[in-house]
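Inside the fold
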Amino acid sequence: MTSIPVITIGGYLGAGKTTLVNGLLAGDHGLRIGVLVNDFGAISIDEKLIVSRDDDVVTLANGCACCSVAGDLAMALDRFAGRPDRYEQIVIEASGVADPARIAALAGSPGLCRGATVVVADAATVRARARDKFVGGLVRRQLAAADLVVLTKIDLVDPGALEDARSFATAQAPGARMIEASRGRVGATDLFAGSPTRIGRLLACASAGLDTASRLFESYLWRTDSPVDIEALHTVVAGLPDGIVRVKGIVATGAGHRVALHRAGEAVTVDSLAGAPDRRGAEIVVIARAGSIDEAQLDGAFGACLLQRRTDS
């Protein structure tokens, strides 16, 4: 039986990995693609495309499937690969603070083979991130692991800045292919055309950065079963200190619909989740530099955005 290629999609927080994955899941490409993600909360799956739900796996009408990883990624990968509805490609969306070379090394199980390592880089911020004394080393290692670099948000930079980003990414990932994308649009055939040609360097990158994320970052999760005032929450998230590097959440607004809330750097966006399951409450993940999270302060700030509390006051 032919082994299934495993593609790893990495890149720093807010670069556009989830947008790229959403495009794969919804695309009319004729490929049976299985996608492993950290959680479904970040993935906006149109309910009209879903044909079945089986525990942590959502199967779509175009033959693709999305599986939520709970716990050990290697075990989840093996279970996903062993499903009877066999896939032509498996994609792993790595965390924004993970070393993609380390994730790619998990594709050594029977029935699997290592595919390309794809690193998504934000053209507007990649050079500044790479100079950052806290995360610069991680950003450079992520790029060094790439067989394919997807340079995103090219519509948000001027020609000079775009050329600088191109040159920088090329220097950090010599020999890697590069695709430039506006709004994260990348064709499946372009994405899967790469092959891992620098296995030795990938393994060296993995061994060099095994514990980087755990030393550099910490996380905080806030959950509520009550609806939230999204305007108040937007203000709170926009005002969080510089040590907060990423905020990602799904929020029920109390107006009969849910939205996806994102903060990457200083930019805060709110996107409607049309067709998303109607669940109450909110779930928000905050990722920050180590030592930057004050859980009591975040509990109070987010809690003050609950609609019931604001009505009562």
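Preceding block: the structure.
Residues numbered from 1 in each chain as written. Predicted model: local features only at pLDDT ≥ 70, side-chain atom pairs only at ≥ 80, totals over all residues. Heavy atoms only, no water.

**What about the sheet that holds strand S13 (residues 267-272)?**
Strands sit in the order S10-S14-S11-S12-S13 across an open sheet of 5 strands; the sheet is antiparallel. One side of each edge strand has no neighbouring strand; the edge strands of this open sheet are strand S10 (217-224) and S13. Strand-to-strand, the axes of this sheet are offset by a mean angle of 10 degrees, without reference to chain direction. Note that S10 and strand S14 (residues 282-289) share 8 bridges and pair antiparallel. Within S14, the position partnered with Ser219 by the bridge is Ile287. Packing of helix H11 (residues 295-303) onto the sheet brings it into contact with S10 and S14, and relative to S10 it is tilted by some 35 degrees. (Pairing = 2+ DSSP bridges. Helix = DSSP H or I, 4+ residues; strand = E, 2+ residues; numbered from the N terminus. Axes fitted to C-alpha atoms, helices over the stretch in contact; angles between N-to-C directions. Contact = heavy atoms within 4.5 Å.)

**Quick look at the side chain of Thr152**
Position of Thr152 relative to the elements: it lies in strand S8 (residues 148-152). For Thr152, the side chain forms a polar contact with the main-chain oxygen of Ala15, separated by 2.7 Å. In this structure Thr152 touches Ala15, Val120, Ala121, Asp122, Ala123 and Ala181, once residues within four positions along its chain are discounted. (Polar contact = N/O pair within 3.5 Å; in protein donor to acceptor, adjacent residues only side chain to side chain.)

**Things to note about the pairing of S8**
With respect to burial, S8 is a largely interior element, 5 of its 5 residues being buried. Two elements, strand S7 (residues 112-122) and S8, share 5 bridges in a ladder whose sense is parallel. Across the sheet, the residue bridging to Val119 is Val149, located in S8. The pairing of S8 with strand S9 (residues 177-180) spans 4 bridges and is classified as parallel. Following the sheet pairing, Val149 is matched in S9 by Met178. Chirality of the crossover, the property in question, places the unit of S8, helix H6 (residues 159-172) and S9 among those that are right-handed. (Buried < 20%, exposed > 50% of the residue type's maximum accessible area, 1.4 Å probe, protein only. Right-handed = clockwise from strand over helix to strand, strands pointing away.)

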